[in-house]
Each structure stands twice: as C-alpha cells, then as structure tokens.
Amino acid sequence: MFLRLLIVFLFSFSVLQAQEDPNFDLEAYEVHLDAEKEGQRVFRYAIKNTGSATAPAESYRVFFKVNGKMMSFDIKTNAIKPGQTIVYTSPEKIPANQPGKKLKYHLIIHTRDADSSNNKKKGEIML
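Residues numbered from 1 in each chain as written. Predicted model: local features only at pLDDT ≥ 70, side-chain atom pairs only at ≥ 80, totals over all residues. Heavy atoms only, no water.

What follows covers the confidence of the model for the protein chain. Of all residues in the protein chain, 83% have pLDDT values of 70 or greater, and the mean over the chain is 86. Note on residues 5-19: pLDDT is under 50 here. Beyond four places in sequence and across chains, it has zero contacts. (pLDDT = per-residue confidence, 0-100. Contact = heavy atoms within 4.5 Å.)

Structure (structure tokens):
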C-alpha cells in the first residue's frame, strides 16, 4: 500500500513539474541604432520567441541599458506567439553629434523560459 502511494505521489509530482516547465524560449534577438533624425538617434531592439508555445503576457520583463544607464524597461509585456518577434523602441534619445563615441548596450530579458542562455545580448555601436 505504501509503495502504491509513493508511486502515485512521484507520478503526480512529475506531471506537475512537466506542466510548470515552459515551452516558450525568448531570445534577445537584435539591437540597432536608427538613422539620425532631427539631431537625435534612438535604439530599437527585438526579442523573439524561438520556442514551441506562446509566451504569456507579463511572463517576462525587458530591460535595456547603454553605457550602464537604464534606457528603458518594459514590465507590462504582451504575449508572443512561437516564431513571433516584437520590436521595442527606447524612449531615451542619443545625441547624434558625437562622432566616434562608443555606446555599449545590454539587452536583458527576465523570465523563466526553456533556455535562459539566450536571454541577454551585449554589444557595442560606434556613433
């Protein structure tokens, strides 16, 4: 009897654990700086769902930093279907009249998804 209860418990625990593991996988996909417009430039960055399930709304948060300064963060996020890419625009603008200046960016997705190794993207852009 005890063995049956133990087997039932272990089986139900493994089923619950499988249900909790997400099948979506958000990737910090792309970062670029738009062309100069009125002496200013803005960053656009994309995240992509490379998983097999929809990432539910507000199941992730997106943070974007440039040279250590928080440029934008999104905590009220939309659902992302498998294969879908969402492009965000930073509300902070960069003055364009700084030739040769290095801008080091860091895109971070806070979520619990299938593969956390692709939830960050770092890079550098020269003005």
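That was the structure; now back to the text.
Okay, the sheet that holds strand β2 (residues 40-49) next. As summarised here, the arrangement of the three strands in space is β1-β2-β5, forming an open sheet in which the pairing is antiparallel. The open sheet has two edge strands, β1 (26-33) and β5 (85-95), and neither has a second partner. Put simply, the sheet's adjacent strands are angled 20 degrees from each other on average, direction ignored. Both β1 and β2 contribute to a ladder of seven bridges, which runs antiparallel. Paired with Leu26 across the bridge in β2 is Asn49. (Pairing = 2+ DSSP bridges. Helix = DSSP H or I, 4+ residues; strand = E, 2+ residues; numbered from the N terminus. Axes fitted to C-alpha atoms, helices over the stretch in contact; angles between N-to-C directions.)

Turning our attention to the layout of surface pockets. Size it by volume and the largest pocket reaches roughly 160 Å³. Contributing to the lining of the largest pocket are Asp34, Ala35, Lys37, Glu38, Gln40, Arg41, Val42, Arg44 and Lys93. Split into classes, the residues belonging to the lining of the largest pocket amount to two nonpolar, one polar and six charged. (1 Å grid on protein atoms, 1.4 Å probe; cavity = no way out; pocket = protein on both sides within 12 Å on 5 of 7 lines; lining within 4 Å. Points joined across faces, edges and corners; volume = space filled by probe spheres on them. Nonpolar A, V, L, I, M, F, W, Y, C, P; charged D, E, K, R; others polar.)

Here we come to the nonpolar core. For soluble globular proteins, nonpolar side chains are generally found buried alongside one another. One finds Phe43, Ile47, Tyr60, Phe64 and Leu107 to be the most contacted residues of the largest nonpolar core, which totals 24 residues. Elements that contribute at least two residues to this core include exactly β1, β2, β3 (60-66), β5 and β6 (102-111). Non-local contacts of Tyr60, meaning those with residues more than four positions away in its chain, are made with Leu26, Ile47, Ile75, Thr77, Asn78, Ile80, Ile86, Tyr88, Ile109, His110 and Thr111. (Core = buried A, V, L, I, M, F, W, Y, C linked by side-chain atoms within 4.5 Å. Buried < 20%, exposed > 50% of the residue type's maximum accessible area, 1.4 Å probe, protein only.)

What follows covers the pattern of salt bridges. Applying the stated criterion across every chain yields a total of two salt bridges. Ionic pairing is found between Arg44 and Asp34, a salt bridge with its closest N-O pair at 2.5 Å. Linking Arg44 in strand β2 with Asp34 in the loop between β1 and β2, this pair joins segments that are 10 residues apart in sequence. Among the residues examined, Arg44 registers a relative accessible area of 28% and is labelled partly exposed. Among the residues examined, Asp34 registers a relative accessible area of 17% and is labelled buried. (Salt bridge = Lys/Arg side-chain N within 4 Å of Asp/Glu carboxyl O.)

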